[in-house]
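What the coordinates show
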Amino acid sequence: MNILGVESSCDETGVALVQLEPGLAVPRLRAQALHSQVDMHQDYGGVVPELASRDHIRRVLPLTRRVLADAGATLADVDAVAFTQGPGLAGALLVGAGVACALGAALARPVVGVHHLEGHLLSPFLSADPPEFPFVALLVSGGHTQLMRVDDVGSYELLGETIDDAAGEAFDKSAKLMGLGYPGGPALARLAEFGDADTFALPRPLLHSANLDFSFAGLKTAVRTQLHKLGSNVCEQDRAHLAASTQQAIVDVLCAKSLAALKQTQLKRLVVAGGVGANARLRGQLDAECKKRQVRVHYPELALCTDNGAMIALAAAMRWQRGLARPRRDYAFNVMPRWPLQSLSVS
Ligand code: KG4
Ligand code: ZN
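The structure contained in this document is the topic of the report that follows. Not measured: the values here are computed from a predicted model.

At a closest axis distance of 8 Å, the pairing of helix H2 (residues 49-71) and helix H3 (residues 90-107) adopts a crossing angle of 25°. Classed by the angle they form, the pair H2 and H3 counts as roughly parallel. In this structure, H2 crosses over H3, and the sense of that crossing is right-handed. Of H3, the residues touching H2 (which contributes Ser-53, His-56, Ile-57, Val-60 and Leu-61) are Gly-91, Ala-92, Val-95 and Val-99. For the contact of H2 with H3, the per-class residue count stands at 6 nonpolar, 3 polar and no charged.

Encoded structure:
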């Protein structure tokens, strides 16, 4: 069967078609298409929800046509339509939900609401080196930073999470203070390549706390204080040093807590997902530390780290395989802008 997936929770419109066959352990990605709104929001220094919703409306059907054409399929080949039901921006989510439910109703096919973070979490299953259950998941996106114990699809135990800013927010807010624009994570990472991470001693909040929680709000304040000390005519080299020091502080905390979660659960597999999972420094440090401990680390393909439709279609397909998809045919859609991932757990 073929599942069409639509992602519209924030600032990317993503559509994809995955195929599910009885003999296929992991669903196959047939085609996907993405439109990023980054250029549109750049002038505002962040996502403008109303503009995001309007742009999703403009993009979603042309992207759907392109995906079907690339897959050599037609609407008649679509057996179910999945969409991101939450969490995310309410207006943006409603666009994907509305289009998915309208398509489902028109085609007389079931619709499946998908949790955005479950999409991220399962996205490494589309990589050349897919993980096996159980594993520890480090979910690091623009809005979430969580460590989960994952025993199967739909079995999620929260081990720790941020008590204030997410790791992606720490990147984005620090980058904004440094005048690097939006989204700040990739820009800060690029600048960090030219700096020395030991130059500025920035805090690593909760690094040695007994639990697996994170806190990044203090880091942003420390970056602001450091910039203040450097003054208005800070040179490019100091900016690069500050970017490198900031990135290193975030990476050190993410790495230490992931290792602590592996130790606590006694698991030997780590899955890293979400936009910050694209960070090369994070990947390098996790790879090195995990190798020492005989832990396997899995990442999504780089293109699937940030938001996309493939992970939504995939999550629906993996749920479908296990009888957990809860397909609906009433087409009365609702979205859940706030929706904790662990509430999906079946047990
Ligand atoms: O998962 P995602 O695309 O969207 C959410 O669901 O939030 O994550 C976006 C976040 C942003 O904060 C962005 O700055 C960050 O991921 N990000 C990065 C990198 N690429 C994206 N942060 C650090 N280094 C990167 N290379
Ligand atoms: Zn995301």
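A separate point is the side chain of Lys-257. With respect to the helices and strands, Lys-257 occurs in helix H8 (residues 236-265). Buried within the structure, Lys-257 lacks any salt-bridge partner; its nearest side chain of opposite charge belongs to Asp-213, at an N-O separation of 7.3 Å. Side chain to side chain, Lys-257 and Ser-209 meet in a polar contact 2.7 Å long. Discounting residues that sit within four places of it in the chain, Lys-257 has contacts with Leu-147, Leu-206, Leu-207, Ser-209, Asn-211, Leu-212, Asp-213 and Phe-214.

Surrounding the zinc ion (ligand 2) are the protein donor atoms His-116 (NE2), His-120 (NE2) and Asp-307 (OD), which sit 2.0 to 2.1 Å from the metal. Here the zinc ion (ligand 2) is ringed by 4 donor atoms whose angles at the metal span 93 to 138°, and the overall shape comes out irregular. If you list the donors of the zinc ion (ligand 2) from N- to C-terminus, the spacing comes out as H-x3-H-x186-D. Here the residue His-116 and the residue His-120 both occupy positions in helix H4 (residues 116-122), the gap between them amounting to 4 residues, near one helical turn. Across the pair, exposure class does not vary: His-116 and His-120 are buried alike.

Here we take up the sheet that holds strand E6 (residues 135-140). If you walk across this open sheet you meet the 5 strands as E8-E7-E6-E9-E10, and the pairing is mixed. Of all strands in the sheet, those with a lone pairing partner are strand E8 (155-161) and strand E10 (296-298), marking the two edges. Each strand axis lies, on average, 25° off the axis of its neighbour in the sheet, ignoring direction. Where strand E7 (residues 145-152) lies against E8, 6 bridges are found, and the strand directions are antiparallel. Within E8, the position partnered with Asp-152 by the bridge is Ser-155.

What follows deals with the site of ligand 1. Inspection of the region around ligand 1 gives 17 residues, with His-120, Gly-142, Asp-172, Gly-275 and Asn-279 positioned closest. Here Gly-185 contributes a backbone N or O atom positioned 3.1 Å from an oxygen atom of ligand 1. Relative to its free-state accessible area of 550 Å², ligand 1 is covered by the protein chains to the extent of 86%. The set of elements that each furnish at least two residues to the shell around ligand 1 consists of H4, helix H5 (167-177) and helix H6 (184-192). Residue contributions to the shell around ligand 1 peak at 3 residues, all from H5.

Moving on: the sheet that holds strand E5 (residues 111-115). Pairing in this open sheet of 5 strands is mixed, and the strands run E3-E2-E1-E4-E5 from one edge to the other. Two strands in the sheet have a free side with no partner beyond their single neighbour: strand E3 (28-36) and E5. The mean inter-strand angle of the sheet, taken between neighbouring strand axes irrespective of direction, is 20°. Inspection of the sheet shows strand E1 (residues 2-7) paired to strand E2 (residues 12-19) by 6 bridges, in the antiparallel sense. Paired with Asn-2 across the bridge in E2 is Gln-19. Strands E1, E2 and E3 of the sheet are contacted by H2, whose axis makes an angle of about 25° with E2. Together, E1, E2, E3, strand E4 (80-86) and E5 form the strand contacts of helix H10 (residues 310-321), whose direction differs from that of E1 by roughly 135°.

Calculation rules
- Residues numbered from 1 in each chain as written.
- Chains lettered and ligands numbered in written order.
- Predicted model: local features only at pLDDT ≥ 70, side-chain atom pairs only at ≥ 80, totals over all residues.
- Heavy atoms only, no water.
- Axes fitted to C-alpha atoms, helices over the stretch in contact; angles between N-to-C directions.
- Helix = DSSP H or I, 4+ residues; strand = E, 2+ residues; numbered from the N terminus.
- Parallel < 35°, antiparallel > 145°, perpendicular 65-115°, else oblique.
- Left-handed = near helix turned anticlockwise from the far one by under 90°.
- Contact = heavy atoms within 4.5 Å.
- Nonpolar A, V, L, I, M, F, W, Y, C, P; charged D, E, K, R; others polar.
- Buried < 20%, exposed > 50% of the residue type's maximum accessible area, 1.4 Å probe, protein only.
- Lys, Arg positive; Asp, Glu negative; His and termini not counted.
- Salt bridge = Lys/Arg side-chain N within 4 Å of Asp/Glu carboxyl O.
- Polar contact = N/O pair within 3.5 Å; in protein donor to acceptor, adjacent residues only side chain to side chain.
- Donors = N, O, S within 2.8 Å, 3.2 Å for Na, K, Ca; no water.
- Tetrahedral: all angles 85-135°; square planar, octahedral: opposite > 155°, others 65-115°.
- Pairing = 2+ DSSP bridges.
- Near = heavy atom within 4 Å.
- Areas by Shrake-Rupley, 256 points an atom, 1.4 Å probe, with all protein chains shown as cover.

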